[in-house]
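Summary of the model geometry
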Amino acid sequence: DGPLSGVTLGSPGVVPTGGVSKADGTALFGRAGQQVTVDLRFHEENRVARNVIAQTRTGRSDNVVMAGAHLDSVEEGPGINDNGTGSAGLLETALKLGGSPKVNNAVRFAWWGAEELGLVGSTEYVRALDFEQQLDIALYLNFDMIGSPNAAYFVYDGDDSDGVGAGPGPHGSAQVEQAFTDYLAAAKGVEVEGTDFDGRSDYGEFIARGIPAGGLFTGAEGKKTDDQAAKWGGEAGAAFDPNYHGPGDTLANLDRTALDRNADALAWVTASYAISTEDVNG
Ligand code: PHE
Ligand code: ZN
Ligand code: ZN
Ligand code: ZN
């Protein structure tokens, strides 16, 4: 009887054509005053994977703020940091934002399926949009691993300020990076670093279509440097998430402070773009 009653997310099985979206969507988001569609179109290895999409009832539908997190995990582990953290942060913001107060720009939340199989859910979603529907998306925010136990505070590097690795994101991405950077500095006293749009998470197809993007990441198999340990705490020379894609990716192995700070940043930046995307699209 919680907000998740009656919803089976990502369960394998035969999905009725046309979807079960209305009933399940109401069970999931009815109290928050949101409407839900469930995207059921893609198949991989004879399994059904699903995206769950929920959009605020208010706000411009031609200037949509999208925020996404993948809901699946690898078979080798429970996937609490990767990506229970992003999924839970996004859900909490969706439920709190709810249907009121009214927002200027619609917010569309996406819980992606089959990310671990090659960004399948998000890629299929974006590819299925027609040109007008793509243009209606003002920006995309991605949350994949936001509570790593030896956490980094990474923000996707919209302007390629370090000049190495992958290039900049689409026009406007630098402003998204700045929004996260400013919030985490001002509200949490955290000095972030940029991380490249290297194609390893669900923003990939959005930036391929020129949609401004950004988001947060606390690190996977990469190792924390001495400088980073001095700045953020934690253990230098150790992986940001030693349990990445392993059986140890459990509730016991999170940095809850990092999760809390990043969940607040997720909420704040999403809500601020629901008020205005002027800095990105103006
Ligand atoms: N997408 C990767 C995974 O789910 C994690 C990751 C996120 C890696 C962001 C790099 C950057 O396993
Ligand atoms: Zn993963
Ligand atoms: Zn992930
Ligand atoms: Zn930058």
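To keep things clear, this report deals only with the structure shown in the data block.

**Points about the overall build of the protein chain**
Across its full length, the protein chain carries 9 helices and 10 strands. Every one of the 282 residues in the protein chain was classed for burial, and the buried ones make up 52%.

**Let's talk about the nonpolar core**
Among the nonpolar cores identified, the biggest contains 59 residues, and M66, L141, F143, F180 and F206 are the most heavily contacted of them. Once residues lying within four places of it in the same chain are set aside, the contact partners of M66 are R108, A110, W112, Y125, I137, L139, Y140, L141 and F206.

**Brief notes about the coordination of the zinc ion (ligand 2)**
D82 (OD), E116 (OE), E116 (OE) and H245 (NE2) make up the full set of protein donors to the zinc ion (ligand 2), lying at 1.9 to 2.7 Å. Relative to the metal, the 6 donor atoms surrounding the zinc ion (ligand 2) lie at angles of 54 to 158°, and the coordination shape comes out irregular. Each donor residue of the zinc ion (ligand 2) lies on the same chain, and together they follow the pattern D-x33-E-x128-H. The metal-metal distance between the zinc ion (ligand 2) and the zinc ion (ligand 3) comes to 3.5 Å, with D82 coordinating both. Remark: E116 occurs in the loop between β6 (105-112) and α3 (120-128) and D82 occurs in helix α2 (residues 80-97); sequence separation between them is 34 residues. Overall, the relative accessible area of 4% leaves D82 in the buried class.

**Here's the deal with the site of ligand 1**
Residues in close proximity to ligand 1 include H70, D82, E115, E116, D144, M145, Y156, R200, S201, F217, Y244 and H245, which together make up its full environment. Within the side chain of H245, an N or O atom sits 2.8 Å from an oxygen atom of ligand 1. Taking 320 Å² as the accessible area of ligand 1 by itself, protein coverage stands at 97%. For the shell around ligand 1, the residue count by class is 4 nonpolar, 3 polar and 5 charged.

**Let's talk about the pattern of salt bridges**
Tallied over the entire structure, the rule returns 7 salt bridges. Across the pair E92 and K96 runs a salt bridge, and its minimum N-O distance is 2.6 Å. Of the two residues, E92 and K96 both sit in helix α2, 4 residues apart, roughly one turn of that helix. Here E92 falls in the partly exposed class, since its relative accessible area comes to 43%. You can call K96 exposed: its relative accessible area is 62%. One salt-bridge network, held together by shared partners, links R127, E205 and R209.

Reading the values: rules and limits
Every chain is numbered on its own, with residues counted from 1 as its sequence reads. Each chain gets a letter, beginning with A, and each ligand a number, beginning with 1, in the order they are written. In view of the model being predicted, local features appear only for residues whose pLDDT reaches at least 70, and side-chain atom pairs are presented and counted only at 80 or more, with totals across whole chains, interfaces and linings using the full set of residues. Excluded from the side-chain calculation are hydrogens and water; included are all heavy atoms of the structure. Only runs of H or I of at least four residues qualify as helices and only runs of E of at least two qualify as strands under DSSP, and these elements are numbered from the N terminus. To sort residues, take the accessible area from a 1.4 Å probe on protein chains only and compare it with the maximum for the residue type: under 20% means buried, over 50% means exposed, and anything in between is partly exposed. Nonpolar core, defined: a set of buried Ala, Val, Leu, Ile, Met, Phe, Trp, Tyr and Cys residues in which side-chain atoms within 4.5 Å join the residues together. The contact criterion used throughout is that any non-hydrogen atoms of two residues lie within 4.5 Å. Each metal site lists N, O and S donors within 2.8 Å (3.2 Å for Na, K and Ca). With water left out of the atoms, a site can look as if it is missing ligands. Each label reflects the angles at the metal, where four donors whose angles all fall between 85 and 135 degrees are tetrahedral, four or six donors whose opposite pairs open beyond 155 degrees and whose other angles stay between 65 and 115 are square planar or octahedral respectively, and the rest are irregular. Being near a molecule or strand, for a residue, means having at least one of its heavy atoms within 4 Å of it. Any pair of nitrogen or oxygen atoms within 3.5 Å is treated as a polar contact; in protein, a donor-acceptor pairing is required on top of that, and neighbouring residues in sequence qualify only through side-chain atoms on both sides. Computed with a 1.4 Å probe, the accessible areas rest on the Shrake-Rupley method; for each residue, only the protein chains presented here act as cover. Think of it as three bins: nonpolar holds Ala, Val, Leu, Ile, Met, Phe, Trp, Tyr, Cys and Pro, charged holds Asp, Glu, Lys and Arg, and polar takes everything else, Gly as well. The salt bridge definition used is simple: a Lys or Arg side-chain nitrogen within 4 Å of an Asp or Glu carboxyl oxygen.

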